[in-house]
Structures are given as structure tokens and as C-alpha cells.
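# Commentary on secondary and tertiary structure
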Protein chains: 2
Amino acid sequence: MDICVTSLLRDKGFKVTPQRLAIYNALVATKAHPSAEMIYNELQPVYPTMSLATVYKTIEILKTLKLVQVLNVGEDSFRYDADTTNHPHIRCMCCGRVDDLHGVDSTEFTDQVAATTKYTIQGQQFYFYGVCPKCQAAASAAS
Amino acid sequence: MDICVTSLLRDKGFKVTPQRLAIYNALVATKAHPSAEMIYNELQPVYPTMSLATVYKTIEILKTLKLVQVLNVGEDSFRYDADTTNHPHIRCMCCGRVDDLHGVDSTEFTDQVAATTKYTIQGQQFYFYGVCPKCQAAASAAS
DNA sequence: TTCAGTGCAAAAGATTTGCAACCCG
DNA sequence: CGGGTTGCAAATCTTTTGCACTGAA
């Protein structure tokens, strides 16, 4: 997949730098839907001189290349997902973790919306909020 | 409905002030899903001394009273909706307006999610992105 | 060699907080 | 009258921007 990013970057006239590869690889390697700062912190040990600004600038490029999607789970910061398929997300209101919801079919719902609205639909984001298994266990243990 | 907010505030030990009523009424009166700043600007002529901080503090209270819901449509700021029923929203990627999507049934979709996930689900937000009728017209006129 | 990219620092926005004066109850 | 509320200003936090230096091609 490095090859893929590499050629995609080159094709669009972007240069291939170690920072960009590291940021993209970090996103591909995790299911935690990290924020810019989380990515920055994770790469600190390996790239001690990399700045947060570079993370933001790189994410901007990855967005335009459609290699990442942006999540707005309702926190103060954005989160990013290298899985650009159209899937819902769920956030734990207790610990803040964000998980994917795969294997759910929303086509009937989205078809209804498309048929009802006068908008031309181009994208969608479905967010659920709840308590994750770990926090449920922690809560029952505490009681 | 003023009566309703008034007693709700009092019941919870909050004082009833003109600012709070004005902010809530502004939210009830619009379908534009305004941001804090939009509310502030709208009330400026009537309450020239009111500050943005008061808008934020009041919205915080209205949230705890479940009188408004928060929308995260992917802009840099939050938007608010005094219609607290569970309905999807759609944002125009061209002009930024946010509309309600009523009359769409998402129960089958949400049931599927509830059955699949190990989370305890407590809330949800569905966002669609597209181009509103006005911007479509403007685009075709321009071409 | 050359120009896009990096990293730093400063800027820009949104939201929060501290605090003295104010006013609802 | 008293404590919650307001409004201002300053603080905080995320994200963006300007710019000199660096490094990919």
C-alpha cells in the first residue's frame, strides 16, 4: 500500500516524503480513528522533529486524494479514518473511543432520503453514541 | 413555550433571565440550525450588550435541560437545534445551509446497529452532504 | 539545481473561564 | 438581601498560515 500512496502522490504532483508515508501508514495501521494530535504523538518517537503542522498539511493532502475520511464525532477535534468505505461509527461517551460499525446495511435508509430530499446527495456520515463493552464492565464492577 | 422554558429553568434551580429566554426563543423560531455566533449576531440589535459568552453558557444549560441538540455538521463550529426529535440533517456543501430531513424512517437501520454492536446505544446523529436546490439552480444558471 | 515540503512560531477561530458588577427571586 | 448571572477580557485549544531552510526529483 506504500506503493499505492507513493504513486498517487506522484501522480498528483505531490512529493513523496518520509513524513507523509509515516502519517498515512500510521492511519492505515490503526482502528482507533486518531486525531491529528494522536498521530503526532504516536510518531514523535520515530520522527522527533516532525511538527503538528506537517500532520495537518499531510492530512489535507490525503483528504484531497480520498485516502482518508474525516470524522466529526462531536469532540472538540476532528478524527481521521484511512478506511474510506462508507460505514457508520460509534463513540463511547465514557472513554471516548471510536469504533467502526461494519456489516450494517443503510441503503434502504439512504434511498429514502435520496427520494425525499431536493438536495443532490454527495456524502453521508452516521454516528452512534453509547457505552462500549469495557466501560460497561467497569461500571458494573464499580457498583 | 416560554412558560415551558421558564418553569424548566426554575425547576432545575436556574434563574430566568431575558437573555436566556431570548436565546431559546431565537432557536425555536428558526430552522436554520444556527451556530453560537449566528444567534449572537441575530440578537445583537435587540440585546446590544449581550456577549457571546452568555450565548455559550446558556446553550450549555439548554443542553442539560434537553431543550436543544448539538449538531456537528463538519464545519469548524457547532450548530444547535431546538427540535430535539431524532431526525437526520443535510448540509449544502456549496452554501453551508443545514436542513432537517423529516419523514424518513431509520428504525430498521438503527435496529440492525443495536443488534450488531456490543455497545449500549444512547444516541445517534445522521448527516448527509450535498447541494441544495438553490445552489443547483445557481450552478446551472452559471454554466 | 529547483521548487515543493518541513518545522518553527505566530495567527486565527471557536469555546471556556475568571471575576467584578448586576439583578432575579 | 444573596447567590446565581452577566459581560468583559483573558485564557485555552484546535487548526491554519507565513516564512526561511531543507531535501526530493
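Before reading further, recall that the structure is shown in the block above.
The notes below deal with the structure included here. Here the residue index of a chain counts from 1 through its sequence in written order. The order in which chains are written sets their letters, starting at A; the order in which ligands are written sets their numbers, starting at 1. Only residues with pLDDT of at least 70 get local features here, since the model is predicted, and only at 80 or more are side-chain atom pairs given and counted; chain-wide, interface and lining totals rely on the full set of residues. For the side-chain quantities, the full set of heavy atoms in the structure was used; hydrogens and water were omitted.

### Focus on the relation of the copies chain B and chain A
To keep it simple, the criterion reads: Copies overlap after least-squares fitting; the atoms used are the C-alpha atoms of residues with pLDDT of at least 70 in both. Contact definition: two residues touch when any of their heavy atoms are within 4.5 Å.
Under the fitted operation, chain B is carried onto chain A by 0.0 Å of movement along the axis and a turn of 180°, and the coordinates agree to an RMSD of 0.1 Å. The transformation just described matches what one would write down for a two-fold rotation axis. Within chain B, the C-alpha atom positioned nearest to the axis of rotation is that of F126 of chain B, 2.3 Å from it. Comparing interface residues between copies, 100% of those in chain B also lie at the interface in chain A; the contact surface is shared.

### Thoughts on the interface of chain B and chain A
We count it as follows: By buried area we mean how much accessible surface two parts lose on assembly, using a 1.4 Å probe and totalling the loss over both. One side-chain nitrogen of Lys or Arg within 4 Å of one carboxyl oxygen of Asp or Glu is enough to make a salt bridge. Two N or O atoms form a polar contact when they lie within 3.5 Å of each other; inside protein one atom must be a possible hydrogen donor and the other a possible acceptor, and for residues adjacent in sequence the pair counts only when both atoms belong to side chains. Only runs of H or I of at least four residues qualify as helices and only runs of E of at least two qualify as strands under DSSP, and these elements are numbered from the N terminus. As a working rule, the residues Ala, Val, Leu, Ile, Met, Phe, Trp, Tyr, Cys and Pro are called nonpolar, Asp, Glu, Lys and Arg charged, and the rest polar, with Gly in that last group. The pairing criterion for strands is at least two bridges between them, as found by DSSP.
Listed by partner, the interface residues are 41 residues for chain B and 41 residues for chain A. Each partner contributes to the roughly 3300 Å² buried at the junction of chain B and chain A, and carbon and sulfur atoms together form 63% of this total. Inspection of the region where chain B meets chain A yields 0 salt bridges. The interface formed by chain B and chain A includes 16 residue pairs in polar contact (both at pLDDT 80 or more). Contributing elements (two or more residues each) for the side of chain B that touches chain A: β3 (89-92), α5 (107-116), β5 (120-131) and α6 (133-142) of chain B. Here the side of chain B that touches chain A is built from residues that sort into 18 nonpolar, 16 polar and 7 charged. Sheet analysis places strand β5 (residues 120-131) of chain A next to β5 of chain B, joined by 11 bridges and oriented antiparallel. Each bridged residue has a counterpart across the sheet, and for F128 of chain A the counterpart in β5 of chain B is Q124 of chain B.

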